[in-house]
Amino acid sequence: MPRSRGVPRFILILALGAFACGPAAAQRTQLKPGWNMFSPTQDMQVGKQAATDAERTLPMCNSPKADAYVTQLGKRLTDHLTTNGVQYPWEFHCVNDRSINAFALPGGYVFVNRGAIEAADNEAELAAVMAHELSHVALRHGTNQATKAQAAQAGVGIFGAIFGGSTGGALLTQLGSFTAGGVLLKYSRSAETQADVMGTQVLYDSGYDPRAMAQFFEKLEQESKGKNPPEFFSDHPSPDHRVERVNEEIEKLGGIPANARRDSPEFEAVKREVMKLPVAKKGVPRADASSGGKDGGPPPAPSEKMVDYEGSGVSLKYPENWKQFGSDENGATFGPQGGLVNDGSGHPALAYGLTIGSVMGKGVNAGELGSATQELISDLAKSNPNMKTTREAQNVKLNEKPALSTYLINDSPGGGKETDWIVTVARPDGMMYFVCTAPQGEFETYRKACGAVFDSVRFR
Ligand SMILES: [Zn+2]
């Protein structure tokens, strides 16, 4: 039962079509964004929403000097980036995270960890990481992969739930690493090669030593040989023949430029600056740490007093001391202060609370609920490799409607393991699901709170 939304085939054909250029430019590899169901404007909408959340949940450097520096360096690179006529808003942020990573959200929202600045031996290496990230934005790899994932789903899919709404942005980001991070920021090896090649061109055109592209990644790989690879590689798998492909592109560009820039006094000054920043703990939310647990401890227990929520097609009550992290026509996310955390690799994720979502498009009858639930769980498992079912689906009732209750174990974004309690219910226009999440040790408290929420559910 494929989703009704048609695949815009003409875009595929256009994307495959090569185009001719002048004699000088004809040498370099021509790269264009692939098949994409989303418009560049949607990239920006989804990216902006995710960036707002990232800023709220990630520990930021809060160093005007570091932010100004990455912005200036980023703009120098985007001046030489081919975007096929799209004007991206480009924002650059320094994140106070010592892991070696950087990420760029669709639409041009770029986050550079202090760890990446500290690991770079010169400005060209940092420029290489950023040029690689900018190329993912220009080639629209995030939503391209979401497009391919959606097309591959021959039935009810989580992507329908995420992207089925107007922009899908709110739910997309609230689900955090549980789903969205796994789709938008985990690239294929072929996307990696493209980002390397385009990044090499950008470095070359911006006057940097283009060899830095392969050098930096190779250095990281050598240093980590076998154990604790930098976080960067969890989202950006190393493509085969990386050095050879970069060198090949440098040849096409006409060789290493004579006065290629490798370092600057500004880079060295900013590197010293970020090295002095206090170290921020992982898994500790930034903006709401004050009223959450002290020093990253657990958030306050769910209040027994409940308040009302009116969603589309459903109403319920949730603990008074929970906030609504976001909602759209397909769902909402609730949790305590401190419930949304940085999972340590740049993705905001729900560690404590409840997510409501729906998989729309086709009615699910009670007999199909089991298979639709399995599909939802296997979709989630794709981006959560350590997720395992601990209790198979059992029949329950939700507001007198037949529902299924399934328990899973997964990595908690704050560290350790979490329990996920998923309740699915058939609706005339699809399937609605509720995911109750808390670290294993604290799950009993949340089972009670979520149980009270489930008892209050009323479908309209
Ligand atoms: Zn990459």
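Located above this text is the structure these notes cover.
What you are looking at is a predicted structure, and each value in this text was computed from that prediction instead of being measured.

> Pulling in residues and values, what's your account of the sheet that holds strand S5 (residues 314–319)?
Spatially, S4-S5-S15 is the arrangement adopted by the 3 strands of the open sheet, whose pairing is antiparallel. Strand pairing shows two members of the sheet lacking a second neighbour, strand S4 (306–310) and strand S15 (458–459), which therefore form its edges. Bridging between S4 and S5 involves 5 bridges; their strand directions are antiparallel. Paired with Tyr-309 across the bridge in S5 is Leu-316.

> Any details on the pattern of salt bridges? Residues and values, ideally.
One pass over the structure, following the stated rule, counts 20 salt bridges. Ionic pairing is found between Lys-65 and Glu-273, a salt bridge with its closest N-O pair at 3.7 Å. Pair noted here: Lys-65 is in helix H3 (residues 64–78) and Glu-273 is in helix H14 (residues 265–275), with a separation of 208 residues, a long-range link. Accessibility expressed as a relative area gives 44% for Lys-65, which makes it partly exposed. Given the relative accessible area of 23%, Glu-273 is considered partly exposed. Linking Arg-242 and Asp-196 is a salt bridge whose minimum nitrogen-to-oxygen distance equals 2.6 Å. One end of the pair, Arg-242, is in helix H13 (residues 242–253); the other, Asp-196, is in helix H10 (residues 189–205), and 46 residues separate them in sequence. The exposure class assigned to Asp-196 is buried, which follows from its relative accessible area of 2%. What emerges from the salt-bridge pattern is a single network uniting Arg-245, Glu-248, Glu-249 and Lys-252.

> For the nonpolar core, give the residues involved together with the corresponding values.
Ranked by size, the top nonpolar core spans 52 residues in total, and within it Leu-77, Ile-117, Leu-126 and Leu-203 carry the most contacts. Per-element tally for this core: the top contributor is helix H5 (residues 123–138), with 10 residues. Excluding its chain neighbours within four sequence positions, the residues that come into contact with Leu-203 are Leu-77, Ala-124, Ala-127, Ala-128, Ala-131, Tyr-208, Asp-209, Pro-210, Ala-212 and Met-213. Of all hydrophobic cores here, the second largest spans 30 residues; its members include Tyr-352, Leu-354, Ile-356 and Cys-436.

Scoring rules and cut-offs
Sequence positions are assigned chain by chain, starting from 1 and proceeding in written order. Since the coordinates come from a predicted model, pLDDT governs what is reported: local features require at least 70, and pairs of side-chain atoms require 80 or more to be given and counted, while whole-chain, interface and lining totals use all residues. No hydrogens and no water enter the side-chain calculation; it runs on all heavy atoms of the structure. For two strands to pair, DSSP has to find at least two bridges joining them. Strands here are runs of E lasting at least two residues and helices are runs of H or I lasting at least four, both read from the DSSP assignment and numbered beginning at the N terminus. Definition used for salt bridges: Asp or Glu carboxyl oxygen within 4 Å of a side-chain nitrogen of Lys or Arg. Relative accessibility under 20% of the residue-type maximum defines a buried residue, over 50% an exposed one, and the middle range a partly exposed one, all with a 1.4 Å probe and only protein chains included. Definition of nonpolar core: a set of buried residues of the types Ala, Val, Leu, Ile, Met, Phe, Trp, Tyr and Cys, connected through side-chain atoms within 4.5 Å. Two residues form a contact once any of their heavy atoms are found within 4.5 Å.

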